[in-house]
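Each chain, written out:
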Amino acid sequence: MKKTLAVVLALVMVLCMIPAMSAEVTESKTISDKSYDIAINSVGEEVPGKASTSKTNSLTYEYDYTKLKADVTGKFSGDARMAVVTLTGFDADFTADAKVTIDGKTLSVDPLAAYTVGWDNGNKAVKFPVELTKAGYSDTYLVQVTETTNGKTITETAKVSLKLVNTADSKNTKTATITNIVVDDKYNNKVDAYIVGSKIYLDFYTESAADAIAKITFGDENGKAFSAITWAYNPTSDKGALCLKDNKEQKLDASAAPYYFNGNSDSDVIFKLETASANYETKKYDLVVRTGITETDPKGIYFAETSKTIAIGEKYSPVVMGVATGRAVSATLTPGSNTDAQVIDVNGSVVTGTREGVAYITASYTTKNGKTYNTSSMKITVTGKTADDVVPPVNNATKYVVTASTLNVRKGPGTSYAKAGTLSYGVTVEVASISNGWAKLSNGNYVSAQYLRAENGSSSGATTMYVTCRTLNVRSGAGTSYSKVGTLSRNAAVQVESISGGWAKLSNGTYVASKYLTK
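Note that the coordinates shown come from a computational prediction; the quantities given were computed from them, not determined experimentally.

With that settled, consider the overall build of the chain. Counting its secondary structure elements, the chain contains one helix and 47 strands. Per-residue burial for the chain yields a buried fraction of 42% across its 519 residues. Counting contacts in the chain only where the partners sit at least 6 residues apart, residues at least 24 apart contribute 63% of the total.

Written out as structure tokens, the structure reads:
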């Protein structure tokens with residue numbers, strides 16, 4: 001079965017009524033086995049990728065999937081990352097009336113699509129669309145241009161091959177948030193940091209800006225702290241005003257990392273993070289540096305939370321707020337009176353659970369002009385669980401197989417939570433836990449447990465492969481004579497146990513044609 005184009009190619013069946021007797025004789029001219037120039041550009045992007053062009057009728061196109069936008073492909077078609085292939089070198093006798101087919105199907109496109117295709121008479125070229133996918137793929141297209149003028153039919157056929165290569169990280173990019181920002185007192189710069197909307201303010205209580213360290217705490221799109229191992233990378237900035245130590249990536253500690261400010265003036269900045277399953281980026285922030293600021297007296301401080309439950313080994317950074325300012329302050333924590341020293345460990349602004357029990361902490365803050373404020377006690381309960389129990393390791397997760405044709409993935413355990421994507425029939429997922437009919441996946445998202453079934457047997461020897469065609473039939477046995485039990489879409493990941501006779505056996509016991517899979 002041949003892979004199809006990434007847009008709708010309508011096959012128009014034209015019934016040609018030819019008289020039984022006719023004195024007219026139609027001449028024809030067939031052209032083939034020529035070389036053509038091939039170019040490709042993604043829709044709406046000036047320099048989207050890197051292509052090798054030649055007259056060998058083949059082209060390799062490299063692109064960064066994460067930097068391409070999804071384009072409108074039609075009224076009833078899903079948006080996709082599209083590119084238009086331009087094929088030049090056709091016979092100059094063709095006019096604007098020339099008809100184009102791809103693999104025997106009339107080339108057409110929905111009027112609402114963000115691109116045009118067909119015969120480009122001005123450049124004597126054929127333009128046709130392809131989809132740029134996350135997995136990439138190779139395909140061969142039979143392009144035919146036909147025109148009949150004055151009883152003479154000219155047909156020119158070109159066979160071209162494309163290899164589409166995604167050079168970007170295959171992980172999904174998700175949204176990260178900033179939940180807190182405080183200034184480390186290491187440099188004693190008398191500087192305050194806070195966020196208002198999309199602006200990060202660094203207010204220096206001196207007449208000029210100097211080096212400083214801003215400790216930034218991150219969360220996911222819902223503001224929840226990262227519990228899995230998360231790395232921070234140097235943010236993108238037009239002036240490089242903020243960077244990590246030694247300009248190297250750094251693992252988050254209690255969902256936070258220190259960023260060094262080098263004294264540069266205002267700039268735009270986007271923070272980048274990575275977990276084992278996804279890349280994260282914050283929205284764009286405008287870094288505003290102000291000097292000669294007089295600190296507003298907070299008139300007292302308090303904990304943003306009155307109590308907190310943590311696991312043994314789990315780290316927690318409580319937020320301390322100013323009463324009059326409503327902003328977080330860089331406070332110092334201390335264990336409360338009569339607190340068992342074995343229950344928690346307090347280091348600066350971080351609390352770590354060390355033993356099951358109940359403890360209390362207090363915080364103190366000294367203003368730039370020397371006033372000191374203290375909080376009342378905050379209760380910390382340390383459970384008998386360990387930090388590893390909070391988010392089970394992926395390698396301990398149980399593998400399940402999707403039984404629905406399309407299964408919604410949500411950000412929480414319920415239909416009221418926002419969709420985070422979909423899963424196709426037969427895809428294997430790793431489930432960390434199941435509760436109240438909802439399965440929590442190893443990446444933190446949720447699916448309805450009723451559409452999952454435990455994977456048969458061990459799949460430790462299975463190989464992860466990806467679907468390369470637009471729609472791949474899943475069958476109950478190794479052959480087209482077996483019943484169809486579902487379909488897989490392009491880029492779907494499957495676990496392949498074995499391949500024999502052109503058929504791949506999946507870990508759930510079903511089969512697909514192996515020629516439409518790639519690693």
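This paragraph deals with the sheet that holds strand β30 (residues 350-353). If you walk across this open sheet you meet the three strands as β26-β30-β29, and the pairing is antiparallel. Each end of this open sheet is capped by a strand with a single partner; those strands are β26 (315-316) and β29 (344-347). As judged from the two bridges shared by β26 and β30, these two strands associate in the antiparallel manner. The residue bridging Tyr 316 from the neighbouring strand is Val 351, located in β30.

Core analysis: the largest hydrophobic core is formed by 32 residues, its most contacted members being Leu 87, Phe 90, Val 126, Phe 128, Val 130, Tyr 141 and Val 143. Mapped onto this core, the elements with two or more residues apiece are β2 (37-42), β4 (58-63), β5 (82-88), β6 (99-102), β9 (125-131), β10 (137-149) and β11 (152-166). Among the elements that line this core, the one with the most residues is β11, at five residues.

Before going further, it helps to spend a moment on the pattern of salt bridges. Following the criterion strictly, the structure yields six salt bridges and no others. Across the pair Lys 34 and Glu 156 runs a salt bridge, and its minimum N-O distance is 3.1 Å. Taken together, the residues Lys 34 in the loop between β1 (27-31) and β2 and Glu 156 in strand β11 connect sequence positions 122 residues apart. For Glu 156, a relative accessible area of 0% corresponds to the buried category. Note that Asp 297 is salt-bridged to Lys 371, the shortest N-O span being 2.8 Å. Placement of Asp 297 in the loop between β23 (285-290) and β24 (301-303) and of Lys 371 in the loop between β31 (357-366) and β32 (372-374) is noted, with a sequence separation of 74 residues between them. Assessed through its relative accessible area of 40%, Lys 371 is described here as partly exposed.

Now for the side chain of Ser 267. If you trace the backbone, Ser 267 turns up in strand β21 (residues 267-274). Excluding residues within four positions of it along the chain, Ser 267 makes contact with Ser 237, Asp 238, Lys 239, Ala 241, Tyr 285, Asp 286 and Leu 287.

Take the packing of aromatic side chains next. Per the stated rule, a full pass over the model turns up 12 aromatic pairs. Measuring from ring centre to ring centre gives 5.9 Å for Phe 204 and Phe 261, while their planes differ by 40°; the resulting arrangement is tilted. Linking Phe 204 in strand β15 (residues 199-204) with Phe 261 in strand β20 (residues 256-261), this pair joins segments that are 57 residues apart in sequence. Under the relative-accessibility criterion, Phe 204 is labelled buried at 0%. Relative to Tyr 259, the ring of Phe 218 has its centre 6.1 Å away and its plane inclined at 70°; by these criteria the two rings are edge-to-face. Of the two residues, Phe 218 sits in strand β16 (residues 212-219) while Tyr 259 sits in strand β20, which places them 41 residues apart along the sequence.

Next up on the list: the pairing of strand β17 (residues 231-237). Here β17 pairs with strand β19 (residues 250-251) via two bridges, running antiparallel. Bridging across to β19, Trp 231 finds its partner in Lys 251.

Moving on: the environment of Val 126. The topology assignment puts Val 126 in strand β9. Between the alpha carbons of Val 126 and Val 100 there is a distance of 7.6 Å; along the sequence they are 26 residues apart. Those residues in contact with Val 126, other than ones at most four positions away along the chain, are Val 85, Thr 86, Leu 87, Phe 90, Val 100, Gly 118, Trp 119, Val 143 and Val 145.

Once that is clear, we can look at the sheet that holds β2. An order of β2-β5-β9-β8 is seen for the four strands of this open sheet, with the pairing classed as antiparallel. Strands with a single pairing partner mark the edges of an open sheet, and in this sheet they are β2 and β8 (118-120). Neighbouring strand axes in the sheet, compared pairwise and without regard to direction, differ in orientation by 30° on average. Across three bridges, β8 lies against β9 in antiparallel orientation. Following the sheet pairing, Asp 120 is matched in β9 by Ala 125.

Mapped onto the elements, Lys 515 comes out in the loop between β46 (511-513) and β47 (517-518). Classification of Lys 515 as exposed rests on a relative accessible area of 59%. A C-alpha to C-alpha distance of 8.7 Å links Lys 515 and Thr 468, two positions 47 residues apart in sequence.

What follows is about the confidence of the model for the chain. Mean pLDDT for the chain: 79, with 85% of residues reaching 70 or above. The model gives residues 1-26 a pLDDT under 50, and that stretch makes 51 contacts with residues more than four places away or in other chains. Segment residues 387-396: pLDDT under 50, and 12 contacts once partners within four positions in sequence are set aside and those in other chains are kept.

Here is what the cut-offs are and how they apply
Residues numbered from 1 in each chain as written. Predicted model: local features only at pLDDT ≥ 70, side-chain atom pairs only at ≥ 80, totals over all residues. Heavy atoms only, no water. Helix = DSSP H or I, 4+ residues; strand = E, 2+ residues; numbered from the N terminus. Buried < 20%, exposed > 50% of the residue type's maximum accessible area, 1.4 Å probe, protein only. Contact = heavy atoms within 4.5 Å. Pairing = 2+ DSSP bridges. Core = buried A, V, L, I, M, F, W, Y, C linked by side-chain atoms within 4.5 Å. Salt bridge = Lys/Arg side-chain N within 4 Å of Asp/Glu carboxyl O. Phe/Tyr/Trp six-rings, centres within 6.5 Å; stacked < 30°, edge-to-face > 60°. Axes fitted to C-alpha atoms, helices over the stretch in contact; angles between N-to-C directions. pLDDT = per-residue confidence, 0-100.

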